[in-house]
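Chains, contacts and geometry: an overview
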Amino acid sequence: MSAQNLIYDWNNLPGSSFAPHGSVLLLDESLRDGLQSPSARNPSVPEKLEILYLMEALGINFTDVGLPGAGPRSFEHSLALAREIGAGRMKIGASCAGRTHENDIRPIAEISQKAGVPVAAALFLGSSPIRRYVEGWTDDFLLQTTERAVSYAVSLGLEVAYVTEDTTRCDPKMVKRLYTAAISNGARTIVVCDTCGHATPAGVKHLIRFIVKEVVEPSGENIRIDWHGHRDRGLGLANAFAALAAGAHCAHGCGLGIGERTGNTPMDQLLVNLKLMDIGPWARQDMTRLKDYCAAISRATEVPIPSNYPVVGEDAFRTGTGVHAAAVIKALRRNDVKLADDVYSGVPAHEFGLEQTIEVGPMSGKSNIIYWLERHGVPISDALVERIFDLAKRSDRLLTADQILACVSGSAGAGPAPQNTP
């Protein structure tokens, strides 16, 4: 019997409204918004190129290559990435961020011309009442700024994605007026932002449905709706799927969830869930490079991957707990990797190029020890198992391979409990 037939899936009952409708596009902000993380190092061009190629390998549709109006370094890095997309005949599409100001729009057009590839202009403008109050902006100022910036970018031959910052705290009247003005002047993508991580899934649903009904449908144009979320309340991933279920076409994210303050929607977790939810082409996408992608971002930005981080963290498919390990081991002894993946995990490790790992520690049973010794080609005896078992029960954490092998050699069979301070 297959593992799938042994799982009753409440997630897929009729009436579920959390699943996206149709295919889903993804835009990776790791190399722009992700680098606004106060703790992140801004990588070199070669490091960014490595990440870019891993985005391509994972099938990500678009990437923001930078904010070229921020200065010479940002311009040169953005240009280098755009040129590589063209030279490498990559499928991933490029965009650049910019303020709704000619000084930010012109460099995007210059990059597109020099690189020889289309580069979308993602032009952002604050929209919420609180932002308008702090900045002293009038409604007319916002509308005129929007119209002027979008029409100018279009006149330069750029595809425009019009971005309203803090959309999730903006009043309906202004949401409608700003997006309508942008579309009327040539924008064909509108980006809905939870800039401050304020939204809940219910709020996201109401907002996206409002935009579909009050802005997109009346426009009569083929408009792409993007969702760009932050995770100040820990709801980044849930909000992204709520947006997609409500009618958004594209979700933005950053590898490892890096970004301003507590970060953006984690791109890697979007990929994992789209695959497991069997959504469009993502169901068939090879995800075995996902850990490479996360590791490259971690190295380049010097943002560490927490050990308990989903899927790619060190502990994601690793256990030293006796009950858990025993079930996994029994499945592995059936030569059924899928069964072993599913019996104590909601994510099949093998789909992401990973595997279940059995360790030995104070919560382990003897089956952990026997399995570990088998995997490491060590001859097994009852005395050896008892010796390691005793050592594990006196330890305050998982045993290292060196500690177990020292026990095998007989040099760790007695004495005080090992102190495994990392």
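This text follows the structure it describes.
The next point concerns the sheet that holds strand β2 (residues 62-64). Read around the barrel, eight strands follow the order β1-β2-β3-β4-β5-β6-β7-β8 and close on themselves; strand pairing throughout is parallel. Along the sheet, successive strands turn relative to each other by an average axial angle of 25°, direction set aside. Contacts between helix α6 (residues 172-184) and the sheet are confined to β5 (160-165) and β6 (189-194), with β5 contributing the most and set at about 165° to the helix.

Going residue by residue along strand β8 (residues 250-253), you find Cys250 and His252 tucked away on one face and Ala251 and Gly253 tucked away on the opposite face as well. When strand β1 (residues 25-28) meets β8, the two strands line up parallel, connected through four bridges. Within β8, the residue paired with Leu25 across the bridge is Cys250. With two bridges joining them, strand β7 (residues 224-229) and β8 adopt parallel strand pairing. Considered in β8, the bridge of Asp226 is made with Cys250. Read from β7 through helix α8 (residues 236-246) to β8, the crossover connection turns out right-handed.

Let us now look at the pattern of salt bridges. For the structure shown, the criterion picks out 29 salt bridges. Taking the shortest distance from any N to any O, the salt bridge between Asp342 and Lys338 comes out at 2.3 Å. One end of the pair is Asp342 and the other is Lys338, both in helix α12 (residues 337-343) and four residues apart, which spans about a single turn. Exposure remark for Asp342: the relative accessible area of 15% places this residue in the buried category. A salt bridge links Arg394 to Asp390, with the nearest nitrogen and oxygen atoms 3.1 Å apart. Overall, the relative accessible area of 25% leaves Arg394 in the partly exposed class. Judged by relative accessible area, Asp390 falls into the partly exposed class, the value being 36%.

Calculation notes
Residues numbered from 1 in each chain as written. Predicted model: local features only at pLDDT ≥ 70, side-chain atom pairs only at ≥ 80, totals over all residues. Heavy atoms only, no water. Pairing = 2+ DSSP bridges. Helix = DSSP H or I, 4+ residues; strand = E, 2+ residues; numbered from the N terminus. Axes fitted to C-alpha atoms, helices over the stretch in contact; angles between N-to-C directions. Contact = heavy atoms within 4.5 Å. Buried < 20%, exposed > 50% of the residue type's maximum accessible area, 1.4 Å probe, protein only. Right-handed = clockwise from strand over helix to strand, strands pointing away. Salt bridge = Lys/Arg side-chain N within 4 Å of Asp/Glu carboxyl O.

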